[in-house]
Amino acid sequence: MVVKVYGPAFASSKRVIVCLVEKEIKFEVVDIDIFKGEGRSPDYLKLQPFGLLPVIRDGDYTLYESRAIIRYYAEKYKSQGTELFGNTMEEKGKVEQWLEVEAHNFHPPIYTLVAHTVFSSKLGITPDQNVIQENEAKLGKVLDIYEERLSTSKYLAGDFFSLADLSHLPFGHYLINGVGKEYLIRDRKHVSAWWDVISNRPSWKKVIQLFPPPT
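Residues numbered from 1 in each chain as written. Predicted model: local features only at pLDDT ≥ 70, side-chain atom pairs only at ≥ 80, totals over all residues. Heavy atoms only, no water.

*Asks:* Can you lay out the pairing of strand β3 (residues 55-58) for me, pointing to particular residues and giving the numbers?
*Replies:* Taken residue by residue, a regular strand's side chains alternate between the two faces of the sheet. Across two bridges, the pairing between strand β1 (residues 3-6) and β3 is antiparallel. Bridge assignment links K4 to a residue of β3, and that residue is R57. The sheet contact formed by β3 and strand β4 (residues 61-64) spans four bridges and is antiparallel. Opposite R57, over in β4, you have T62 as the bridge partner. If you look at the hairpin formed by β3 and β4, you'll find two residues sitting between the two strands, and G59 has a positive phi there, around 65°. (Pairing = 2+ DSSP bridges. Helix = DSSP H or I, 4+ residues; strand = E, 2+ residues; numbered from the N terminus.)

Below you can see the structure in the form of structure tokens.
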């Protein structure tokens, strides 16, 4: 059964797609443009009642929320493709810890920066320099903690690439290529080296080549 992934142009859907590529899972995509209101259609709301992305359909199984989806496939296909959860309960605990850090500490300020600098017109937002500066400072403090962690570990959860690293790719890509705040990565030696390693994985290069961001 081929997995269907909705909204491949959007960052959260790319989080799912890069996981599927790493796990060598066959998939196909269904274009949904939430900027055009397609997420509010009755048919789509049956799949995702909040009208957001992504959603996957795997046979009769439907799942939304990108981090739930990547956890699901990392477990379901544990013996296939890249091991993304670690090999011990202790390693899995670290992966889960850093997935939570990404979701609750890294993502909120980077999402706000992207919304105010890259997609403000599409979202109907008037860019606010105070909000931008505030979230730039918040993200900097988060990345200071990453810098300390990555000074003693190649990847966030240990010496292996995992869901914790993978989950940073979509919005980290915007930080480097869209927001204009590359210094937040490049001014931190260990964060910069980590970013270069994870963003040069063949899986991520394939995803950004196949599915450019919305314009």
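*Asks:* Go over helix α6 (residues 129-150) with me, naming the residues and quoting the values.
*Replies:* Between its terminal C-alpha atoms α6 stretches 30 Å, which fits the 32 Å expected from 22 residues at 1.5 Å a residue. Of the surrounding elements, those touching the buried residues of α6 are α4 (89-117), α8 (169-177), α9 (183-186) and α10 (189-199). A side-chain oxygen of the first residue of α6 lies 2.8 Å from the backbone nitrogen of N130; this N-cap is D128. (Expected span 1.5 Å × (residues − 1). Contact = heavy atoms within 4.5 Å. Polar contact = N/O pair within 3.5 Å; in protein donor to acceptor, adjacent residues only side chain to side chain.)

*Asks:* Kindly report on unusual backbone geometry, identifying the contributing residues and their values.
*Replies:* Cis rather than trans, the peptide bond between L53 and P54 has omega equal to 0°. Positive phi is not limited to glycine here, since E24 has a value of about 60°. A residue is classified by how much of its surface remains accessible, and E24, at 58% relative accessible area, is exposed. Of note, E65 is a non-glycine position whose phi angle comes to about 80°, a positive value. Relative to the elements of secondary structure, E65 occurs in the loop between β4 and α3 (66-76). (Buried < 20%, exposed > 50% of the residue type's maximum accessible area, 1.4 Å probe, protein only.)

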